[in-house]
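Coordinate inspection notes
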Amino acid sequence: MKAVPKKLYRALKDRIRPDLYRKVIKLSPGVKPRGNVLVSYVIESFITDPNDPVFRSHTHYWETRQMVNTFLELGYSVDLISYLNTSFKPDKRYDYFVGARTNFDRLSRLLNDSCKKVVHLDTAHWITSNYNAHCRLYNLLQRRNVALEGSLRLIEQNKAIENADLATILGNTFTIESYSYANKPIYRIPITSTIEFGWKKREVDSIRNSYMWFGSSGFVHKGLDLVLELFAGMPDFRLFVCGPFNKEHSFLKEYHSELFESENIVPVGWVDVNSSEFMKILDQCIGIAYPSCAEGGGGSVISCMHAGVIPVVSREASVDVGDNGVTLAENTIPEMRGAVSRLSRLPAKELDEMSRDTWQFASTVHSKAAFVRNYKDFVLNVLL
C-alpha cells in the first residue's frame with residue numbers, strides 16, 4: 001500500500017498558494033484580436049512544468065489549456081485566471097466569459113452586460129450531488145451502525161447555472177438532468193482521459209474474475225464501501241483497490257478487515273496512471289466496479305475504459321456504457337453481485353468483444369482529439 005508521493009503533495013500544495021491563484025495570465029492570438037475572452041478555471045498548465053505528476057491526476061489541466069487555445073486560434077485575446085481567484089476585477093470589456101462554477105457568481109456580476117457567460121460544468125448540481133452523498137452516509141449508518149466522517153465530496157452552494165447564459169458539461173444525461181430545472185441551453189463536451197492506449201488483446205479467461213475500484217478521495221461518495229463489502233463476500237473473485245488511502249483515515253479504520261485482511265482484495269493505494277504498476281493492474285482486470293452517487297463525467301472509469309476494462313457502474317457515475325458494460329439498476333450489494341457474476345460468466349469471445357468495444361468507445365468519444373473537435377464546434381457554431 002502506498003500513500004500519495006511527496007512530489008505530488010508538493011504540487012497540490014502549490015495550487016493553493018495565494019500568489020499563484022491571484023495570477024492573471026494574458027495571452028494574445030498573435031494577430032489583431034477580434035475580441036476578448038475571460039476564462040476562470042485551472043491555471044497550472046500555463047505556469048508550471050507540464051511533466052509535473054499533478055497533471056496526470058485530473059483531466060481539467062489539459063482541458064483548460066485546450067479551451068484557451070481554441071479561443072486563441074480563433075483570434076481572441078484571453079485572460080486566464082484561477083477559479084480560486086476571489087480578488088480579480090475586470091478592467092476591460094469581455095465578449096465571452098467561460099468559467100467553472102466556483103467564483104462564477106461573483107465574476108458574472110462584475111462583467112459588462114454584453115458579455116456572454118458560459119459556465120463549464122464538471123460536476124452534478126450541488127443539490128443533487130450533496131443530497132446523494134448524504135444518503136450514502138445514511139445508508140452506511142443503517143448497514144453498519146457507524147457515522148463515518150470525512151468520506152464525502154460536498155460541493156459548495158452556488159448559482160452558476162442561474163447566472164450563466166448557457167453551459168458546457170462533461171458528463172452524460174444524469175449530470176445534464178441535474179441542471180435541467182434552470183432551463184438553460186447545455187452543450188455536452190465529453191470528458192477526456194489523462195491516459196490513452198492502443199488496443200491490447202488480453203487473455204480474458206485468466207482475468208474474468210478480477211475487478212478494480214479506482215477513484216480519488218470521497219470513498220463513500222464513490223461507492224468503495226459497497227464494493228469492499230461485495231468482494232469480501234465473493235472469495236472466488238479478486239479486487240484491486242486504487243485510491244489515496246492517507247486521506248480517508250476513518251474509512252480505513254471502519255473497513256480495515258475487508259481492505260487489509262481479505263485474501264482476495266489487494267489494497268494498492270495511490271497509483272500514478274502513467275506508471276507500469278497501473279498498466280499491470282489494468283491488464284489483470286476484466287472490469288471496474290464504480291457505484292458512485294454523483295459524478296460530472298466519471299473520469300476514473302473512462303481512464304480504465306481506455307485500456308479495455310469493462311465498466312460496471314451506477315447511473316450516477318455519468319458514464320455511457322451502452323452494450324459494452326453494465327449500468328446498475330440500483331446501487332445495492334445484491335444488484336452489484338448479480339451484475340459482476342453475470343459479466344464474469346460470459347463466454348471468452350463475448351468478453352473479449354466487450355473489452356475491445358469498450359476501448360473503441362473510449363478512444364473515439366473520450367479522447368483529446370474528440371475534445372478538440374467538440375469544443376471548437378461549440379465555440380464556432382454556438383458562441384460565435
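One can find the structure itself at the top, above this paragraph.
Note that this is a predicted model, so its numbers are computed, not measured.

Take the packing of helix α6 (residues 126-144) against helix α10 (residues 224-232) next. For the pair α6 and α10, the least separation of the axes is 11 Å and the interaxial angle reads 35°. Each of Arg-136, Leu-140, Arg-143 and Arg-144 in α6 lies in contact with α10, whose residues at this interface are Asp-225, Leu-226 and Glu-229. Grouping the amino acids of the contact of α6 with α10 by side-chain chemistry returns two nonpolar, no polar and five charged.

Strand order across the open sheet formed by seven strands is β1-β3-β2-β4-β5-β6-β7, with mixed pairing between neighbours. The sheet terminates laterally at β1 (24-27) and β7 (186-188), the two strands that pair on one side only. Here the strands of the sheet are splayed against their neighbours by 20° on average, with no regard to which way each runs. With six bridges joining them, strand β2 (residues 36-41) and strand β3 (residues 77-82) adopt parallel strand pairing. Paired with Val-37 across the two strands is Val-78, which belongs to β3. Across the sheet, helix α17 (residues 368-383) lies against β4 (96-99), β5 (116-121), β6 (166-169) and β7, angled at about 165° from β6, the strand it touches most.

Turning to the pattern of salt bridges, a few remarks are in order. Applying the stated criterion across every chain, the model contains 17 salt bridges. Between Arg-144 and Glu-258 there is a salt bridge, with its nearest N and O atoms 2.9 Å apart. Residue Arg-144 is located in helix α6, and its partner Glu-258 is located in helix α12 (residues 256-260); the two are separated by 114 residues in the primary sequence.

A few words on the environment of Val-31. With respect to the secondary-structure elements, Val-31 resides in the loop between β1 and β2. With 45 residues separating them along the chain, Val-31 and Tyr-76 place their C-alpha atoms 8.8 Å apart.

This part covers unusual backbone geometry. Most peptide bonds are trans, and most residues other than glycine sit at a negative phi. A positive phi angle, near 55°, is found at Asn-183, a position not held by glycine. Within the secondary structure layout, Asn-183 lies in the loop between α8 (173-177) and β7. Here Ser-318, not a glycine, exhibits a phi torsion of approximately 65°, which is positive. Structurally, Ser-318 can be placed in the loop between β12 (310-313) and β13 (326-327).

Quick look at the nonpolar core now. The biggest cluster of nonpolar side chains holds 101 residues, and the ones touching the most others in it are Met-212 and Phe-231. A per-element tally of this core places α10 first, with six residues. Grouped together as the second largest cluster of nonpolar side chains are 18 residues, Leu-38, Phe-104, Leu-111 and Leu-121 included.

Definitions and cut-offs
Residues numbered from 1 in each chain as written. Predicted model: local features only at pLDDT ≥ 70, side-chain atom pairs only at ≥ 80, totals over all residues. Heavy atoms only, no water. Axes fitted to C-alpha atoms, helices over the stretch in contact; angles between N-to-C directions. Helix = DSSP H or I, 4+ residues; strand = E, 2+ residues; numbered from the N terminus. Contact = heavy atoms within 4.5 Å. Nonpolar A, V, L, I, M, F, W, Y, C, P; charged D, E, K, R; others polar. Pairing = 2+ DSSP bridges. Salt bridge = Lys/Arg side-chain N within 4 Å of Asp/Glu carboxyl O. Core = buried A, V, L, I, M, F, W, Y, C linked by side-chain atoms within 4.5 Å. Buried < 20%, exposed > 50% of the residue type's maximum accessible area, 1.4 Å probe, protein only.

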